[in-house]
Amino acid sequence: GKTPLKLDNDKYIEFLKKASDKNYPPASVDYAFLLLTGYNNVKKDETKALEMFKKLSDPPFNIPEAMYRLAQYYESKSDAAAAIKYYNMARDNGLEAAHCDYALMLLDGDKVDQDINEGMKIMKQAADRGFPMANYNLGHIYEFGKYGQEKNPKLSFEYYKAAADQNMPKAMVKYARALFKGNHMGYDVEKNPELAARLFQYTFNKGEPEGIHCWASFIQNGYGGTPINIAAAMTYYKVAAERGFIPSMLRLGDLYNLGVSGSRNPRKAREYYTMAKDHGSRIAEEKLKDVTD
């Protein structure tokens, strides 16, 4: 039953607390985070958590993760000055994620005055250092022309590829889609369906919803030399749909409406189209009208 798990969790908390009391910094950071969030049934104690994070951020500890947690906390509380202070401390202490989050804060401009030039500069510096999230964010910015940037298919593709080369599942999906079609937003790239298949299989194994959907599509249609397996494809579409991926809901609706292996199931078709509609899909509303018994 469930009892051993609970004991393990209590033991883990107990060890964490002991290690934290002995000033073992990684344990202290983790324990302070549990106090801040109240996760794992730890009694929430914001004051104590902040006290611990501040102590760990200052000399002699200088723990970048503690600075980063404080920055995120202050950003969530709209205390821009404190957030900036701790993001910059974390950046100065070499924490890559802090560059990204600080850049996004400047680009979004909802907690601080928007500064697009500075935000883009910091994001590009983080990308140049090889931080996958920064590369992915830039790919996204140039794909959709966000923050007043011109859409740039070539740059977008290059940034996605850089993040994909560092095994970031979300970026691998973008890169694999481009390889499958041989272009990204009209920019011609190498066409390689076999490599796309391998990348989608990897992202599927990592549980990335869009990767699950794409891999299901490959085994449904035999793309990239993948052996066809309709039953498995249906199962995987369902997994992605459960994780809120709308195209999988629509695909299931279509398959049940048109018929899988020769038999239609209008009730199931309606169920998945309705699910997509509830997630805000306009197309699903139209498709629902077309389902006949």
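Our subject in this report is the structure included herewith.

**So, the packing of helix 6 (residues 96-108) against helix 8 (residues 132-144)**
Working step 1: Close contact between helix 6 and helix 8 brings their axes to 10 Å; oriented N to C, the two are set at 25°. If you check the angle between helix 6 and helix 8, you find them roughly parallel. Our pair here, helix 6 against helix 8, has a crossing hand that is right-handed. Residue-level inspection shows Cys-100, Leu-104 and Leu-107 of helix 6 in contact with helix 8, the latter providing Met-133, Ala-134, Asn-137 and Ile-141.
Working step 2: When the residues that make up the contact of helix 6 with helix 8 are grouped by side-chain class, the tally is 6 nonpolar, 1 polar and no charged.

**Concerning the nonpolar core**
Working step 1: One finds Phe-53, Tyr-74, Tyr-87, Met-123, Ala-134 and Leu-138 to be the most contacted residues of the largest nonpolar core, which totals 50 residues.
Working step 2: Looking at this core, the elements that each hand over two or more residues are helix 1 (3-21), helix 2 (25-37), helix 3 (46-57), helix 4 (64-76), helix 5 (80-92), helix 6, helix 7 (116-128) and helix 8.
Working step 3: Contacts of Tyr-87, omitting those with residues within four sequence positions, involve Tyr-68, Ala-71, Gln-72, Glu-75, Ala-98, Asp-101, Tyr-102 and Met-105.
Working step 4: In terms of nonpolar packing, the next biggest core, distinct from the first, is built from 45 residues, Tyr-136, Met-172, Ile-219 and Ala-284 among them.

**Observations concerning the environment of Tyr-147**
Working step 1: Here Tyr-147 is to be found in the loop between helix 8 and helix 9 (153-165).
Working step 2: Overall, Tyr-147 belongs to the buried group, its relative accessible area being 17%.
Working step 3: For the pair Tyr-147 and Leu-50, spaced 97 residues apart in sequence, the C-alpha separation works out to 33 Å.
Working step 4: Non-local contacts of Tyr-147, meaning those with residues more than four positions away in its chain, are made with Leu-104, Leu-107, Asp-108, Gln-114, Ile-116 and Ile-141.
Working step 5: A polar contact is formed between the side chain of Tyr-147 and the side chain of Asp-108, at a distance of 2.7 Å.

**Brief notes about helix 8**
Working step 1: For helix 8, spanning 13 residues, the distance from its first C-alpha to its last is 18 Å, which sits close to the expected 18 Å at 1.5 Å a residue.
Working step 2: Buried within helix 8 are the following residues: Ala-134, Asn-135, Tyr-136, Asn-137, Leu-138, Gly-139, Ile-141, Tyr-142 and Glu-143.
Working step 3: Buried-residue contacts for helix 8 involve helix 6, helix 7, helix 9, helix 10 (169-181) and strand 1 (183-184).
Working step 4: Phi turns positive, to about 65°, at Gly-145, one or two residues after helix 8.

Calculation rules
- Residues numbered from 1 in each chain as written.
- Predicted model: local features only at pLDDT ≥ 70, side-chain atom pairs only at ≥ 80, totals over all residues.
- Heavy atoms only, no water.
- Axes fitted to C-alpha atoms, helices over the stretch in contact; angles between N-to-C directions.
- Helix = DSSP H or I, 4+ residues; strand = E, 2+ residues; numbered from the N terminus.
- Parallel < 35°, antiparallel > 145°, perpendicular 65-115°, else oblique.
- Left-handed = near helix turned anticlockwise from the far one by under 90°.
- Contact = heavy atoms within 4.5 Å.
- Nonpolar A, V, L, I, M, F, W, Y, C, P; charged D, E, K, R; others polar.
- Core = buried A, V, L, I, M, F, W, Y, C linked by side-chain atoms within 4.5 Å.
- Buried < 20%, exposed > 50% of the residue type's maximum accessible area, 1.4 Å probe, protein only.
- Polar contact = N/O pair within 3.5 Å; in protein donor to acceptor, adjacent residues only side chain to side chain.
- Expected span 1.5 Å × (residues − 1).

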